[in-house]
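# Examination of the molecular architecture
Here is how the chains run, residue by residue.
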Amino acid sequence: MMLQRKNRLRALSLGAVAVSGALALTACGSDAKSSDNGGSSSSASAPSSSSVKCDNAKGQLQASGSSAQKNAIDAWVKAYTQACTGVQINYNPTGSGAGVTAFLGGQTAFAGSDSALKPEAVQQSSKVCTGGGKAIDLPMVGGPIAVGFNVPGVDSLVLDPSTIAKIFNDQIKNWNDPAIKKLNPSAKLPDLKIQAFHRSDESGTTDNFTKYLIATAKTDWPYTGGKAWQAKGGQSAQGSAGLAQQVKQTSGAISYFELSYAADGIKTVDLKTGASTPAKATVENATKAIASATVAGTGSDLALKLNYQPTEAGAYPLTLVTYEIVCDKGNKADTLPAVKSFLTYTASEDGQNQLAAANYAPIPAEIISKVRSTISSLS
């Protein structure tokens, strides 16, 4: 059934979830630190055993994709596998583009992507979703894309969309540029070259970052957008953790990544919006912006259309939603029980409550209830 009406998503209360420390970066290989190598753990409380329904799930689940959600996946996998000891979940943060490709090639049970599937990908999914099935988007993780910076002597920085676009399009090259000075009159901006970093791999984070620039600064960002970086100039790094590491170690650096990757001492930009004061990159402010999204998908597909120009005070408009991509029908029989069981947990109240402690935003209640219903009908 066509979902035509706009669903006004109500902002969620983050309740009593404590934010006493972000998850350590745990992406595979060199993309991040292992949680067994000095990383801190989330302060979110462990789920009760009754909240995880194993439902005879067993075996190994191979999944890959978005590095943006890797810290959330780690928290979920740890909690889930403590209850469902017969299941092993291997999530490889290869990036959204590679994750979708692997799923469409039948290599994984589900994929994580920070962008909804393109029509051609849905059409291609008939090869792996048998019996007339197709791939669908299930929104599972929300949160802000932080613009992290490393400018000596500058602890607070305000930028607007036009200035961000010009920085990443290699038109503003120095930190004491008049455009940056105008937005930060009290800051002691150094005569220092800007080192702008972007993703080297196809990335849903890049897609969402550039969608924001297209929506808010089209004149200064004359590109079509997508998972692959299109602008000239700048430097590149692999994965969100790779970008965060470059910002941390490079004087004059600026880049974009999920807020959880900025938890290790990286300063983040406040965005100038239509509100009277700039919006800070926080989970609460991202939730305010995501709450004004609308459902763009049809039938069991729950792809969202984000609002990059919210009017609510404090709403942080540079956000993304990560989707878990699965077949609505025709999933492999040997992995279907584990896929349904694991995703049922991630979409549950306990699963969503794990997110705030890792600097992610829960999916608003009206949408996550639809996600739960759709997961229960997977076959």
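These numbers were taken from a predicted model, which means no experiment stands behind them.

The rules behind each value
- Note on numbering: residues in each chain are counted from 1, in written sequence order.
- A pLDDT threshold of at least 70 governs which residues receive local features in this predicted model, and a stricter bar of 80 or more applies before side-chain atom pairs are shown or counted, although totals over entire chains, interfaces and linings include all residues.
- Side-chain metrics rest on all non-hydrogen atoms present in the structure, leaving aside hydrogens and water.
- Summary of the burial criterion: residues with accessible area below 20% of their type's maximum are buried, those above 50% are exposed, and those between are partly exposed, where the area comes from a 1.4 Å probe applied to protein chains only.
- Numbering of helices and strands runs from the N terminus, with a helix taken as a DSSP run of H or I at least four residues long and a strand as a DSSP run of E at least two residues long.
- Residue contacts follow a heavy-atom distance rule, with two residues in contact if any of their heavy atoms lie within 4.5 Å.
- We call Phe, Tyr and Trp rings a pair once their centres come within 6.5 Å, taking the six-membered ring for Trp, and we label the pair stacked below 30 degrees between planes, edge-to-face above 60, and tilted otherwise.
- For the purposes of this analysis, a disulfide is any pair of cysteine sulfur atoms at a distance within 2.5 Å.
- The angle between two axes is taken between their N-to-C directions and runs from 0 to 180 degrees, where each axis is a line fitted to C-alpha atoms and a helix contributes only its stretch in contact.
- For classification purposes, an angle smaller than 35 degrees is called roughly parallel, one larger than 145 roughly antiparallel, one from 65 to 115 roughly perpendicular, and anything else oblique.
- Crossing handedness is defined as follows: a turn of the near helix away from the far one that is anticlockwise and smaller than a right angle gives a left-handed crossing, while the clockwise case is right-handed.
- By the convention adopted, Pro, Cys, Tyr, Trp, Phe, Met, Ile, Leu, Val and Ala count as nonpolar, Lys, Arg, Asp and Glu as charged, and the other residues, Gly among them, as polar.

### Side note on helix 4 (residues 161–168)
In terms of burial, helix 4 is largely enclosed, as six of its eight residues are buried. Of all the residues in helix 4, the buried ones are P161, T163, I164, A165, I167 and F168. Buried-residue contacts for helix 4 involve strand 5 (158–159), helix 5 (178–183), strand 6 (195–199), helix 6 (204–216), strand 8 (253–258) and strand 10 (270–271). Residue D170 follows helix 4 closely and has a positive phi angle near 65°.

### Concerning the packing of aromatic side chains
Under the counting rule described, the total for this entry stands at 11 aromatic pairs. Centroid distance F168 to W229: 6.1 Å. Interplanar angle 65°. Geometry classified as edge-to-face. A residue pair is termed long-range when its members are at least 10 positions apart, and F168 in helix 4 and W229 in the loop between helix 6 and strand 7 (235–237) qualify at 61 residues. Looking at W229, the relative accessible area reads 15%, which means it is buried. Taking the centre distance of 6.3 Å and the plane angle of 65° together, the rings of Y212 and Y308 count as edge-to-face. With Y212 in helix 6 and Y308 in the loop between strand 12 (304–305) and strand 13 (319–327), this pair connects stretches of sequence that are 96 residues apart.

### Some points on the state of the cysteines
Across all of its chains, the model carries two disulfides by this definition. Put simply, C54 and C84 are joined by a disulfide, and their sulfur atoms are 2.0 Å apart. Measuring handedness by torsion sign, the sulfur bridge of C54 and C84 sits at about -95° and is left-handed. In this pair, C54 is assigned in the segment before strand 1 (59–65) and C84 in the loop between helix 1 (70–83) and strand 2 (87–92), connecting sequence segments 30 residues apart. Given the relative accessible area of 3%, C84 is considered buried. The disulfide partner of C129 is C327, and the S-S distance across this bridge is 2.0 Å. Negative torsions about the S-S bond denote left-handed disulfides, and the value of about -75° found for C129 with C327 makes this one left-handed. Highlighted residues: C129 in the loop between helix 3 (119–124) and strand 4 (135–150) and C327 in strand 13, separated in sequence by 198 residues. Taking relative accessible area as the criterion, C129 reaches 1% and is therefore assigned buried.

### As for the packing of helix 4 against helix 6
At a closest axis distance of 9 Å, the pairing of helix 4 and helix 6 adopts a crossing angle of 125°. When the interaxial angle is binned, helix 4 and helix 6 end up oblique. Relative to helix 6, the crossing made by helix 4 is left-handed. Note on element contacts: helix 6 touches helix 4 through F209, Y212, L213 and T216, opposite P161, I164, A165 and F168. Partitioning the contact of helix 4 with helix 6 into residue classes produces seven nonpolar, one polar and no charged.

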